[in-house]
Amino acid sequence: RFHHTSASHLCSCSKTISDEKYQDPFQLGRKDLKNLYEDIKKELLVSAAELKEMCDYYFDGKGKAFRPMIVVLMARACNIHHNNSKEVQASQRSVAIIAEMIHTASLVHDDVIDDANSRRGKRTLNQIWGERKAVLAGDFILSAASVALARIGNTTIISVLTQVIEDLVRGEFLQLGSKENENERFAHYLEKTFKKTASLIANSCKAVSILGCPDPKVHEIAYQYGKNVGIAFQLIDDVLDFTSCADRLGKPTAADLKLGLATGPVLFACRQFPEMNALIMRRFSKPGDVERAWKYVLQSDGVQQTTYLAQRYCHAATREIRKLRPSPEREALVHLTEMVLLRDK
């Protein structure tokens, strides 16, 4: 069993905050992400006014650009590690743009599958334009990302990033299925979490490391950092579904339960309250199931256990990135693991 760890003691690596090289990740990545959304819109040039309006709706420049920011910081950290180069290559920045496009396309498709009505604090594409057009908009964004990827002209990078698209689809299929065997459930959940969330970050980090450094060890460091941060990010997302208010999250809370999904807090709670098994098996489909499951989770230590598991993944990410030569970007990536753990939306 994992031991309870309170949120106030999450960060064992907080000494990096006082490190003289420490810089805020978002500040440090900002110059490389300048005009990011304008550049994405250039990739999405279309003559159809309605399709353009739909694409512009999510690429409004108000997103945190969390994934592109990790990608450009990783690019700089790897470039400095390899030959002390302080610049991000154009092809590396393209990977950051492509990552955000793939991510957004997956959100559009997820919202259709889930029949979601809010995302990032506003109505979803499927609510405004309908499911059919939303699916096509997601397809269009993916196709534009593929064109941008082909333009990089590196078959290894194409192979690495197309793996992300395959993983997204496989992850969605995993989410639609469920495991009857209790012992297999957690492995199923973590595999789904990797494919739906972490693969994009892991493979994007790997792609920019390949472009900046020929050493396979560095490629593995970048991949493992992205994988571990990505899984931790989703674990905290699953915690926030139980602990954050809907206004702060920008989407309804208990959304996963309503979709019939058993996330980390539910699976941990089930170990204390075996009667949850029946609810999980029927995907919380009977009247009152969602409310009962919610109550069980809050009575259990499921939230704390999931938070502690996220902490372990963040520590693994920190161990990996510290193998690179010291740089402000490396320290920013370390600090980013703390930000993932302490975020509230």
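Residues numbered from 1 in each chain as written. Predicted model: local features only at pLDDT ≥ 70, side-chain atom pairs only at ≥ 80, totals over all residues. Heavy atoms only, no water.

The protein has the name All trans-polyprenyl-diphosphate synthase PDSS1 in an unreviewed UniProt entry, where Atrichornis clamosus is given as its organism. For the protein, the Sequence similarities (unreviewed entry) comment in UniProt is given as "Belongs to the FPP/GGPP synthase family." (UniProt positions renumbered as here; feature names shortened; annotations may be inferred.)

A. Representation of helix 18 (residues 328–342). For helix 18, which comprises 15 residues, the first-to-last C-alpha distance of 21 Å matches the rise-based estimate of 21 Å (1.5 Å per residue) to within 8%. Within helix 18, 12 of the 15 residues are buried, which leaves it mostly tucked inside the rest of the structure. Turning to helix 18, its buried residues number three or more, namely Glu 329, Arg 330, Glu 331, Ala 332, Leu 333, Val 334, His 335, Leu 336, Thr 337, Glu 338, Val 340 and Leu 341. (Helix = DSSP H or I, 4+ residues; strand = E, 2+ residues; numbered from the N terminus. Expected span 1.5 Å × (residues − 1). Buried < 20%, exposed > 50% of the residue type's maximum accessible area, 1.4 Å probe, protein only.)

B. Looking closely at a nonpolar patch on the surface. On the surface, a cluster of nonpolar side chains totalling about 410 Å² of accessible area is made up of Ile 113, Val 169, Phe 173 and Leu 176. Take the nonpolar patch: its biggest share by element is 3 residues, from helix 9 (residues 155–176). Assignment of secondary structure puts Ile 113 in helix 6 (residues 90–114). (Patch = residues over 30% accessible without salt bridge, like charges linked within 9 Å, V, L, I, M, F, W, Y side chains within 5 Å. Areas by Shrake-Rupley, 256 points an atom, 1.4 Å probe, with all protein chains shown as cover. Salt bridge = Lys/Arg side-chain N within 4 Å of Asp/Glu carboxyl O.)

C. The arrangement of the packing of helix 5 (residues 66–83) against helix 11 (residues 216–243) in detail. Between helix 5 and helix 11, the least distance of the axes is 11 Å, while the angle of their chain directions is 155°. It follows from the interaxial angle that helix 5 and helix 11 lie roughly antiparallel. Handedness of the crossing formed by helix 5 with helix 11: right-handed. Residues Phe 66, Arg 67, Ile 70, Met 74, Cys 78 and His 81 of helix 5 pack against Val 218, Ala 222, Tyr 225, Val 229 and Phe 233 of helix 11. Among the residues forming the contact of helix 5 with helix 11, the class breakdown is 9 nonpolar, 1 polar and 1 charged. (Axes fitted to C-alpha atoms, helices over the stretch in contact; angles between N-to-C directions. Parallel < 35°, antiparallel > 145°, perpendicular 65-115°, else oblique. Left-handed = near helix turned anticlockwise from the far one by under 90°. Contact = heavy atoms within 4.5 Å. Nonpolar A, V, L, I, M, F, W, Y, C, P; charged D, E, K, R; others polar.)

D. Main features of the packing of helix 5 against helix 6. Two numbers describe how helix 5 lies on helix 6: the axes approach to 8 Å, and their chain directions differ by 155°. With respect to their mutual orientation, helix 5 and helix 6 come out roughly antiparallel. Here the hand of the crossing between helix 5 and helix 6 comes out right-handed. Along the contact surface, helix 5 presents Arg 67, Pro 68, Val 71, Val 72, Ala 75 and Asn 79, while helix 6 presents Gln 92, Val 95, Ala 96, Glu 100 and His 103.

E. Quick peek at the packing of aromatic side chains. A full pass over the atoms with the stated rule returns 7 aromatic pairs. Between Tyr 57 and Tyr 58, the ring centres sit 5.7 Å apart and the planes meet at 35°, which makes this aromatic pair tilted. Judged by its relative accessible area of 3%, Tyr 58 is buried. Following the ring pairs from residue to residue traces out a cluster consisting of Tyr 57, Tyr 58 and Trp 129. The ring of Tyr 57 has Lys 122 lying over it, and the distance from NZ or CZ to the ring centre is 4.1 Å. (Phe/Tyr/Trp six-rings, centres within 6.5 Å; stacked < 30°, edge-to-face > 60°. Lys NZ or Arg CZ within 6 Å of the ring centre and 35° of its normal.)

F. Here's a closer look at the pattern of salt bridges. The tally for this structure, following the rule as stated, stands at 17 salt bridges. One salt bridge connects Lys 196 with Asp 110, and the closest N-O pair in it is separated by 3.2 Å. In this pair, Lys 196 is assigned in helix 10 (residues 182–212) and Asp 110 in helix 6, connecting sequence segments 86 residues apart. The two residues Lys 196 and Asp 110 agree in class, both being buried. Between Arg 343 and Asp 237 there is a salt bridge; the shortest N-O distance is 3.1 Å. Within this pair, whereas Arg 343 is found in the segment after helix 18, its partner Asp 237 is found in helix 11, the two being separated by 106 residues in sequence. According to the relative accessible area criterion, Arg 343 is buried, its value standing at 17%. Here Asp 237 falls in the buried class, since its relative accessible area comes to 17%. Beyond isolated ion pairs, a larger network of salt bridges with shared partners links Asp 39, Lys 42 and Arg 93.

G. Spotlight on the environment of Cys 245. Mapped onto the secondary structure, Cys 245 falls in the loop between helix 11 and helix 12 (246–249). In this structure Cys 245 comes out as partly exposed when scored by relative accessible area, which is 45%. Sequence separation of Cys 245 and Asp 60 is 185 residues, and the distance between their C-alpha atoms is 24 Å.

H. The arrangement of unusual backbone geometry in detail. Phi is positive for Asp 115, close to 55°, though the residue is something other than glycine. The topology assignment puts Asp 115 in the loop between helix 6 and strand 1 (118–119). In this structure, Phe 284 takes a positive phi of about 55° despite not being glycine. Within the secondary structure, Phe 284 sits in the loop between helix 15 (276–281) and helix 16 (289–299).

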